[in-house]
Amino acid sequence: RKEVEQDPGPFNVPEGATVAFNCTYSNSASQSFFWYRQDCRKEPKLLMSVYSSGNEDGRFTAQLNRASQYISLLIRDSKLSDSATYLCVVNKGGSARQLTFGSGTQLTVLP
Amino acid sequence: EPEVTQTPSHQVTQMGQEVILRCVPISNHLYFYWYRQILGQKVEFLVSFYNNEISEKSEIFDDQFSVERPDGSNFTLKIRSTKLEDSAMYFCASSPRGGAFFGQGTRLTVV
């Protein structure tokens, strides 16, 4: 089983649509969870941390289910500028700082 | 907004040559990292650095690689004898705690 697994997509959605990405991770000892976005040939940019209680930042909502080892990201009212690859990222385990990246889910928002 | 800066943006080197990639992390961050991304593949962890020493490293980070923090601001990655398969985008990152912030990367091409 891959350490961090994501549906590669691509997801092609119209502007204004709601889109959800899912991710599973294999290491039950992982303690830190993040969503990053990466534009083509650019660096990953931290989008948001993910907490067990769920958290929201504007149009973005992240959820974590530790029992199922499952993380989600919901984007509401999608914009053209949301087009990117979304990376699910998990720490190696325990207090480890090492981050393990998923392969990413590609999103294209269409006008 | 403070950011991680990397130089050079692109480095071409001959196989067997030594290269040094340079990074200036965000000034009040305590943890520093190097990651790499081979074209079309996922981001991979190389090494983390804290309190002037390596705290974690991956299997990729073998004897050919070394890191240094020669002064209070710079953080460098050295590859002693480059191989063709070292061609990749190398990202430096830093973090206070939690998620890491990435520099724009150095594209290393080994010919």
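Residues numbered from 1 in each chain as written. Chains lettered and ligands numbered in written order. Predicted model: local features only at pLDDT ≥ 70, side-chain atom pairs only at ≥ 80, totals over all residues. Heavy atoms only, no water.

Trainee: Help me understand the sheet that holds strand β8 (residues 75-79) of chain B in this model?
Mentor: Picture the strands of a sheet paired through backbone hydrogen bonds; they go either parallel or antiparallel. Residues and elements named next belong to chain B. Spatially, β1-β3-β8-β7 is the arrangement adopted by the 4 strands of the open sheet, whose pairing is antiparallel. The outermost strands of the open sheet, each flanked by one partner alone, are β1 (5-7) and β7 (65-68). With strand direction ignored, the average angle separating the axes of adjacent strands in the sheet is 20°. (Pairing = 2+ DSSP bridges. Helix = DSSP H or I, 4+ residues; strand = E, 2+ residues; numbered from the N terminus. Axes fitted to C-alpha atoms, helices over the stretch in contact; angles between N-to-C directions.)

Trainee: Whenever I open this one, the nonpolar core confuses me. Can you help?
Mentor: Residues F21, W35, I71, L73, I75, Y86 and L107 of chain A are the most contacted members of the largest nonpolar core, which totals 23 residues. Contributions of two or more residues to this core are made by β3 (19-25), β4 (33-38), β7 (60-65), β8 (70-75), β9 (84-91) and β11 (105-110) of chain A. In this structure, I71 of chain A is in contact with F21, N22, C23, Y25, F33, W35, V50, Q63, L64, C88 and V90 of chain A, ignoring residues within four places of it in sequence. In this structure, I26, A88, Y90 and L108 of chain B belong to the second largest nonpolar core, which totals 21 residues. (Core = buried A, V, L, I, M, F, W, Y, C linked by side-chain atoms within 4.5 Å. Buried < 20%, exposed > 50% of the residue type's maximum accessible area, 1.4 Å probe, protein only. Contact = heavy atoms within 4.5 Å.)

Trainee: It is not clear to me how the interface of chain B and chain A should be interpreted in this structure. Could you clarify?
Mentor: Bring the parts together and some accessible area is lost; that lost area is often taken as the interface size. Taken together, the contacts link 22 residues of chain B with 15 residues of chain A. The junction of chain B with chain A conceals about 1600 Å² of combined surface from both sides, 54% of it contributed by carbon and sulfur atoms. Its largest share of buried area at the contact with chain A, chain B owes to K42, E56 and F102 of chain B, together 30% of the area lost on that side. Taken together, chain B and chain A are joined by 0 salt bridges. Taken together, the elements giving at least two residues each to the side of chain B that touches chain A come down to β4 (31-37), β9 (88-95) and β10 (101-102) of chain B. In the side of chain B that touches chain A, the residues fall into 12 nonpolar, 6 polar and 4 charged. (Buried area = accessible area lost by both parts, 1.4 Å probe. Salt bridge = Lys/Arg side-chain N within 4 Å of Asp/Glu carboxyl O. Nonpolar A, V, L, I, M, F, W, Y, C, P; charged D, E, K, R; others polar.)

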